[in-house]
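Structure at a glance
As a plain string of letters, each chain reads:
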Amino acid sequence: MPTLTNKDVKIAQKHLKMKQKMITSPCLRVDADLIIPGRGQPIKNGSLISSDAKIILVCKTDILGPEHAKIPPITVPVLMPGMWDCHMHFMGVEKTAVDDMVMVPPAIAGARSAKDIVATLNAGFTSVRELAGYGSDLSKVISEGWLPGPNIYPAVSILSQTAGHGDAHSLPLNLLNDRMRHGLPFYLCDGVGECIKAVRIQIRRGAKVIKVATTGGVLSLIDDPQMQQFSAKELEAIVEEATRSDRIVAAHCHGRKGIMAALRAGCRTIEHGSYLDQEAIELMLEMNAILVPTRSIIEYGLQHAEAFTKESYAKMIKVSEAHKKSYQLAVNAGIRIALGTDLGFSSPTIRFNHGMNGGEFRYAVDAGMTSLEAIEAGTANGPETLGLQAPKSGQLKPGYDADFIALSGNPMKDIDILADPGKVTHVWKAGHLHKSPTKPCGLLT
Ligand SMILES: [Zn+2]
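Residues numbered from 1 in each chain as written. Predicted model: local features only at pLDDT ≥ 70, side-chain atom pairs only at ≥ 80, totals over all residues. Heavy atoms only, no water.

**Topic: the overall build of the protein**
- Regarding its fold elements, the protein presents 14 helices and 17 strands.
- For the protein, whose C-alpha radius of gyration is 23 Å, the value lies close to the compact-globule estimate of 22 Å for 445 residues.
- The principal-axis extent of the C-alpha atoms belonging to the protein is close to 75 × 65 × 45 Å.
- When the 445 residues of the protein are sorted by exposure, 56% land in the buried category.
- Pairs at least 24 apart in sequence give 68% of the contacts found in the protein among residues at least 6 apart.
- Positive and negative side-chain charges in the protein, numbering 48 and 45 respectively, have mean positions lying 7 Å apart. (Helix = DSSP H or I, 4+ residues; strand = E, 2+ residues; numbered from the N terminus. Rg over C-alpha atoms; globule rule 2.2 N^0.38 Å. Buried < 20%, exposed > 50% of the residue type's maximum accessible area, 1.4 Å probe, protein only. Contact = heavy atoms within 4.5 Å. Lys, Arg positive; Asp, Glu negative; His and termini not counted. Charge placed at Lys NZ, Arg CZ, Asp CG, Glu CD.)

**What to know about the domain arrangement of the protein**
- Assigned domains of the protein: these are domain 1 (19-81 + 397-435) and domain 2 (83-389).
- For domain 1 versus domain 2, the separation of C-alpha centres amounts to 30 Å.
- Contacts between the two partners involve 23 residues from domain 1, matched on the other side by 27 residues from domain 2.
- Buried surface at the junction of domain 1 and domain 2, summed over both partners, amounts to about 2,000 Å²; 62% is from carbon and sulfur atoms.
- Contact with domain 2 buries area across many residues of domain 1, yet R39, I415 and K429 alone supply 30% of it, more than any other trio. (Domains from an automatic or database assignment. Buried area = accessible area lost by both parts, 1.4 Å probe.)

**Overview of the pattern of salt bridges**
- Tallying each qualifying case throughout the model produces 17 salt bridges.
- As a salt-bridge pair, E240 and R244 come within 3.9 Å of each other at their nearest N and O atoms. Of this pair, E240 and R244 both sit in helix α8 (residues 232-244), four residues apart, which is roughly one turn of the helix.
- Notably, a salt bridge pairs R244 with E241, separated by 3.0 Å at the nearest N-O pair. Separated by three residues within a single helix, R244 and E241 lie in helix α8, roughly one turn from each other.
- A residue is classified by how much of its surface remains accessible, and R244, at 56% relative accessible area, is exposed.
- Residue E241 is classed as buried on the basis of its relative accessible area, which comes to 5%.
- Overlapping salt bridges bring together R39, R336, E376 and E384 as one network. (Salt bridge = Lys/Arg side-chain N within 4 Å of Asp/Glu carboxyl O.)

**Here we look at unusual backbone geometry**
- Positive phi, normally seen in glycine, also occurs at A53, with a value near 70°.
- For A53, the location among the structural elements is in the loop between β2 (43-51) and β3 (54-60).
- Its identity as a non-glycine residue notwithstanding, H272 has a phi of 75°, on the positive side.
- Position of H272 among the secondary structure elements: in strand β12 (residues 269-272).

**A look at the sheet that holds β2**
- The seven strands lie next to each other as β3-β2-β1-β4-β15-β16-β17, forming an open sheet whose pairing is mixed. Two strands lie at the open edges of the sheet, namely β3 and β17 (432-435), each paired on one side alone. Pairwise comparison of adjacent strand axes, ignoring direction, gives a mean angle of 40° for this sheet.
- Note that strand β1 (residues 28-35) and β2 share seven bridges and pair antiparallel. Each bridged residue has a counterpart across the sheet, and for L28 the counterpart in β2 is S50.
- In this fold helix α4 (residues 106-122) packs onto β16 (424-429) and β17, with an angle of close to 110° to the strand it touches most, β16. (Pairing = 2+ DSSP bridges. Axes fitted to C-alpha atoms, helices over the stretch in contact; angles between N-to-C directions.)

**Regarding the side chain of T379**
- Looking at the secondary structure, you find T379 in the loop between α14 (371-377) and β15 (404-407).
- Under the relative-accessibility criterion, T379 is labelled buried at 0%.
- A polar atom in the side chain of T379 sits 2.6 Å from the backbone oxygen of I375.
- Sequence-distant contacts of T379, defined by excluding residues within four places in its chain, comprise G38, M80, P81, G82, M83, W84 and G394. (Polar contact = N/O pair within 3.5 Å; in protein donor to acceptor, adjacent residues only side chain to side chain.)

**Some thoughts on α8**
- With 13 residues, α8 extends 18 Å between its outermost C-alpha atoms, agreeing within 8% with the 18 Å of an ideal straight helix rising 1.5 Å per residue.
- If you check which residues of α8 are buried, you get E234, L235, A237, I238, V239, E241 and A242.
- Among the structural elements, β8 (158-160), α7 (191-204), β10 (210-213), β11 (249-253) and α9 (256-265) are those in contact with the buried residues of α8.
- At the exit of α8 stands D246, carrying a positive phi of roughly 60°. (Expected span 1.5 Å × (residues − 1).)

Okay, here's the thing in structure tokens:
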């Protein structure tokens with residue numbers, strides 16, 4: 001073995017020092033009149049210190065130690081965690097019917113989504129659970145630094161039975177199968193064997209969560225939101241296969257039968273949950289399941305009949321009242337709730353576009369939450385919808401991701417502040433400042 005000379009040791013020490021310099025970025029300090037930590041009580045006149053993409057300290061400014069007190073701060077009125085949208089889609093579609101969605105070429109969907117991911121970050125949403133769409137591919141573009149965007153935790157494709165919510169009922173099945181094999185965000189599977197394979201394919205393509213439709217839906221053509229889809233055996237196979245890879249299963253479900261079947265099979269999040277009754281609430285509590293109510297799309301749908309097919313609009317009207325009651329029932333019963341919008345369109349004519357995610361907080365308050373509870377549902381509760389894939393995010397706490405936003409006003413006094421990207425003055429993701437009053441998030445930065 002060759003012996004090291006003094007010169008060799010000096011060179012090695014120099015390289016080590018250079019490496020340490022590269023990985024130890026200077027601390028960032030933000031002072032705020034009010035810090036809303038996501039979970040727990042707000043702090044008046046507080047400071048947050050982060051370093052290397054992680055939060056290292058959150059406390060009252062007057063107790064900062066000398067090494068942090070000397071860091072020049074950025075001063076803002078209100079600081080809170082970057083928000084989470086736990087149910088949305090980057091699909092790049094301009095029409096609302098499933099039959100139209102499946103015909104959009106992936107390159108067009110990707111180009112439209114470029115604007116959408118920037119709009120999401122600009123609105124203060126630093127993380128999304130993307131329950132079918134092109135999020136897995138887009139997250140690679142974001143991590144390359146090519147586009148600014150949120151952390152995306154994708155499901156890849158929604159699993160649906162043939163004739164189910166993810167089927168395009170008016171199109172030839174062969175055509176759909178062909179598009180499915182080329183990365184379509186909809187995936188048909190029938191029988192236990194195909195269901196197991198379908199889960200494995202989504203994981204292979206980057207899924208952090210598995211999405212399954214256990215009832216019919218509103219935007220699909222002929223199926224009924226009240227009818228159960230997939231048999232108990234198929235659902236159990238999907239959950240078992242997902243669990244083997246530490247993925248939880250998110251169930252799209254409106255009707256009671258599909259909600260109960262999803263919960264009994266072990267699905268951990270109930271998406272929409274429009275027809276909850278006392279028995280379903282009790283089973284949710286027993287299973288420690290999370291409800292993601294997605295009120296935004298229903299409220300938008302009620303006001304914009306023109307954006308939907310006649311069949312979808314009729315279904316929307318029917319579902320909306322039941323959904324309102326279910327949401328209130330869940331809040332009263334103390335069900336864990338995480339906010340999601342079901343945003344998924346990219347069109348200047350459909351005014352339900354990415355960046356409007358923060359409107360969901362108002363509906364949470366309308367359903368009976370306090371402002372602070374609604375903020376927790378849209379921040380700290382978000383990662384919990386990912387089970388063992390959950391990042392340390394959604395709270396301003398040491399060791400958590402340095403994803404936080406500043407607001408021009410107090411959302412505990414006016415929850416609608418969160419709905420206005422203009423009032424989200426700063427956005428930090430992984431400690432990097434993506435938006436400030438002089439520099440909005442942009443495609444060309
Ligand atoms: Zn959805």
